[in-house]
Structures are given as structure tokens and as C-alpha cells.
Amino acid sequence: MFCYDNLTKKVIIVRTIFHIDANSAYLSWTAAAMLEKGYPIDIREIPSVISGDPLSRHGIILAKSIPAKKYGIATGQSLFEARQKYPELAVFPPDYDLYMLCSNAMYHILQEYSPLVERYSIDECFLDYTASRGRFGDPLDAAYEIKERIRNELGFTVNIGVSCNKLLAKMGSELKKPDQIHTLWPEEMEKKMWPLPVGELYMVGRATARKLQQININTIGDLAKADPNHMKALLKTPGLLVWEFANGIDDMEVMLNSDIIQKGVGNSTTISHDVTDRAEALMILLALTERVAMRLRRLGYMASLVSVSIKTDGFLHYSHQRKLPNCINTTTEIYESACSLFDQCWKGEPIRKLGVHVSDFQDIETRQYSLFDKRDSDKLQALDRVVDRIRAKYGTRSIIRGSFANGNINAVQGGTNDSDFIMMGGYRQ
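Residues numbered from 1 in each chain as written. Predicted model: local features only at pLDDT ≥ 70, side-chain atom pairs only at ≥ 80, totals over all residues. Heavy atoms only, no water.

Draft legend 1. Fine view of the packing of aromatic side chains. Enumeration according to the criterion identifies ten aromatic pairs in this entry. With a centroid separation of 4.5 Å and an interplanar angle of 10°, the aromatic rings of Tyr-26 and Tyr-99 are classed as stacked. Placement of Tyr-26 in helix H1 (residues 25-36) and of Tyr-99 in helix H4 (residues 96-111) is noted, with a sequence separation of 73 residues between them. Like Tyr-99, Tyr-26 is buried. Here the aromatic rings of Tyr-113 and Phe-136 are separated by 5.0 Å at their centres, their planes lie at 45°, and the arrangement is tilted. One end of the pair, Tyr-113, is in the loop between H4 and strand S7 (117-121); the other, Phe-136, is in helix H5 (residues 133-136), with 23 residues separating them in the sequence. The exposure class of Phe-136 is partly exposed, given its relative accessible area of 27%. An aromatic cluster is defined as three or more aromatic residues linked by ring pairs; in this entry it consists of Tyr-26, Trp-29, Tyr-99 and Phe-156. The cationic tip of Lys-166 hangs over the ring face of Phe-126; the distance from NZ or CZ to the ring centre is 4.9 Å. (Phe/Tyr/Trp six-rings, centres within 6.5 Å; stacked < 30°, edge-to-face > 60°. Helix = DSSP H or I, 4+ residues; strand = E, 2+ residues; numbered from the N terminus. Buried < 20%, exposed > 50% of the residue type's maximum accessible area, 1.4 Å probe, protein only. Lys NZ or Arg CZ within 6 Å of the ring centre and 35° of its normal.)

Draft legend 2. Layout of the layout of surface pockets. In this structure, the second largest pocket encloses a volume near 700 Å³. Lining the second largest pocket are 19 residues; nearest its centre among them are Ser-24, Ala-25, Lys-64, Thr-75 and Lys-177. Of all the secondary-structure elements, those providing two or more residues to the lining of the second largest pocket are strand S3 (17-22), H1, strand S5 (61-64) and helix H2 (66-69). If one sorts the elements of the lining of the second largest pocket by residue count, S5 sits on top with three residues. Broken down by class, the residue content of the lining of the second largest pocket amounts to eight nonpolar, four polar and seven charged. (1 Å grid on protein atoms, 1.4 Å probe; cavity = no way out; pocket = protein on both sides within 12 Å on 5 of 7 lines; lining within 4 Å. Points joined across faces, edges and corners; volume = space filled by probe spheres on them. Nonpolar A, V, L, I, M, F, W, Y, C, P; charged D, E, K, R; others polar.)

Draft legend 3. View of the sheet that holds strand S8 (residues 124-128). The sheet built from five strands is open, its strands ordered S7-S8-S3-S9-S10 with mixed pairing. Two strands bound the open sheet, and with one partner strand each, they are S7 and strand S10 (181-183). When strand polarity is set aside, the average angle formed by the axes of neighbouring strands in this sheet is 20°. With six bridges connecting them, S3 and strand S9 (residues 158-163) associate as antiparallel partners. Within S9, the position partnered with Ile-20 by the bridge is Ile-160. Its contacts with the sheet put helix H6 (residues 139-154) on S3, S9 and S10, and the angle it makes with S9 is roughly 165°. Sitting on the sheet, helix H7 (residues 166-173) touches S3, S7, S8, S9 and S10, and the angle it makes with S9 is about 145°. (Pairing = 2+ DSSP bridges. Axes fitted to C-alpha atoms, helices over the stretch in contact; angles between N-to-C directions. Contact = heavy atoms within 4.5 Å.)

Structure below.
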């Protein structure tokens, strides 16, 4: 699509950008997986939430269904508070391994419509449709086709915003939910975007919204019509940026980004009781390492840095890390390093929380062997591959170590995300 700029006397290509956003992603993905396994109820249709286990002191709401929202239940609330509003609330644990699979499946469908797909978060993608129009036709027709394919093939719904830049496409997808397509072209901003509260504009957080409201800028339209120099004086550099966003000005490119950017893989658990026995602590450490190592192998990485963290009943925090001479990814090798680190940093206090983390990655194909390897890592890797295949087919706890067989400790612990995924709230190095 082209237009002629009378000011510059140049023909300008008008981009077409999609923003695809999975509706209530964690809850929808959990629901789709449960239905596939024969669960009799679609948990999206009842008051339900994804939350950590309150018995393990993980009582925060991560996602909620639309029926739960009607009772005033919100993401970030404590589970205790949510159950006060609706005692019969259905609660389900998070499964970040499942969520990564769902995110990947959505991404692969989007790749069929454009070579330029940017994974903005685990449940959001931008797609540059500009060069795809000649093949797939009208953008709205393509957007509806994508939406229906995701619903029919993957079992969850998405909102898609369509516009000429990333900002307006994202704002468009945030309009009425769920399972909707919205356009937000520049000529539609006055009707669709400007009446919205200023706090709903991308990049306007609570503190910024309060500052704007103090000078009677209550809607996005108010901000768009404000003096940009006044905004810069009030909010410094972000002031001009949010003024531009309010006016639909955005020249950010869709950046090809096929991977979840990651710094490390970790796993931790807040224990339901304070642990004072070393043997029990090491068993919990092994259960945590099981999941860390499985995730590491699934990603195709080796790690050369292992760290262990301890939080005591008095909320004191200790951690130790070790740089290894060679890269590892087997459960046994990671666990041996974790045990050594645990003994270095534990001072005997009752333990409230334990964590294991690995980083400094290297692709498994480029692994370098060390002369100082103490065991045959190839045999350990072969064993772990067999265990991983069994668990992938029959469930994470379908095969466990014998040391857990007659005990009360869960053999594979964690599952809530402690990995440094940028798109799951991690950070860049």
C-alpha cells in the first residue's frame, strides 16, 4: 500500500502491522491442555484462576477467567483475597513448560504469513504483513484466518490489532476482548483510542498517569492535544515519547526475533515447613535440579555456571555460585555441584526456600570436553535422554529416582518459572 507525501514529494510505503495477543494466555493454555486430556469442564467458562499453591506459600493470582473477573478477582491478588470474594473459586497451578509449547505453536502459525514475526512476549507477537499482502490478500481477511486457525488448531483464542505501526496495532488489540479483530488506523484514533483513560496508553504507568491527571489530562485524547514541550518538562524524556504515542506516532520496526531471549534456567520452591535436616534439604535440591536439567536439555544448552540460593525462616538470603571448567547438562552433574554449593552457604538455620540456577550457556552441539571430567558424561546424557522421553510421553513424574520412592518429598519440584526469560519478566544481561 502506497501514498504520496506532498511535503517530501516522495511515495511512501504504508506498512501493515498485526499485533497478536493470546487471550488470558496462562488460563487458556491450561484449559486447552486439560480439555485435550479429557477434563470434563472448560475452566475458561467457570470462575477459575491460575495460581501458586497456597500451602507452599505461593498464593498469587497469575491469570483469571472472565467469570472470575466478574467477582472482582484480579491478577496479582492473593489467593486468600480472591477466595474471600468467591469461596468456590477453582484454582489450577501454572505449567510454564506447557506455556512455552503453546507460545511456540502460535509463533509457527504466524510464520506462515510473514517472514517478519517478532516475539514480544510469551503470549504476544508482532507480524509485519506489508510484503505479504500480495500473496494472502486483504489484511483483515488474513487476520480472521489467523485467528480462526489458532482457535481450531491450538484450542485458544487471540485478539489481533491491525494498523500501520506497532503502537497502534498493539493498542488496537487491547480493545474489546476476547476473540476479536480490531483495526486502529490513524483516522480511527479520535473515535477508538482518544476516549480511553490515559493510563491505558502503552508506556503510561500508574505514576505517570497520576502526574498527568493532576494537570487534568485524563484521557489519551487530552494527552494528544497537550503541548509536547509541556509534557517534556513535566515527565522529562518519556514525556515527548508518550505524547507521540498518544498521537499514533511510532516508527519502530518489527524485529525478527524467533527465540525467547534467555540468560539462565532456574527453579525454586518455598517449602511448606521449615527444613532443618541436611538430608531432607538435599532431597529437595535434587527435586529442583530434576526440572532445571530437563529444561536445560529441552533448550539444547549446556551450562557452565551453577548457583544455589537459600532463604531462612528469618528471611536471610544466602547464595553461592561456581564457574565450572566444562559445560554440563545432566541432572547428576548439576546436582553434585549444587550439593557442594549448598554445604558452602548453609549455616544450619531453618530453611524456608531453596533454589537452583544454571547459566553461561553453550549450544550442546559445540560442547568442548575437559581433561578433568570425572565421569563419562556421554553415558549420563544418554540416560537423561531416555528419562526425558519417558516423561514427555507419560508425564513428568512417570519415572522417578529410587531415593524418592518411599518418602514424602515430591520427586520433581517447581514448575513455576524462575528462568530468566526476557518475555516472562526476566532481564537482559
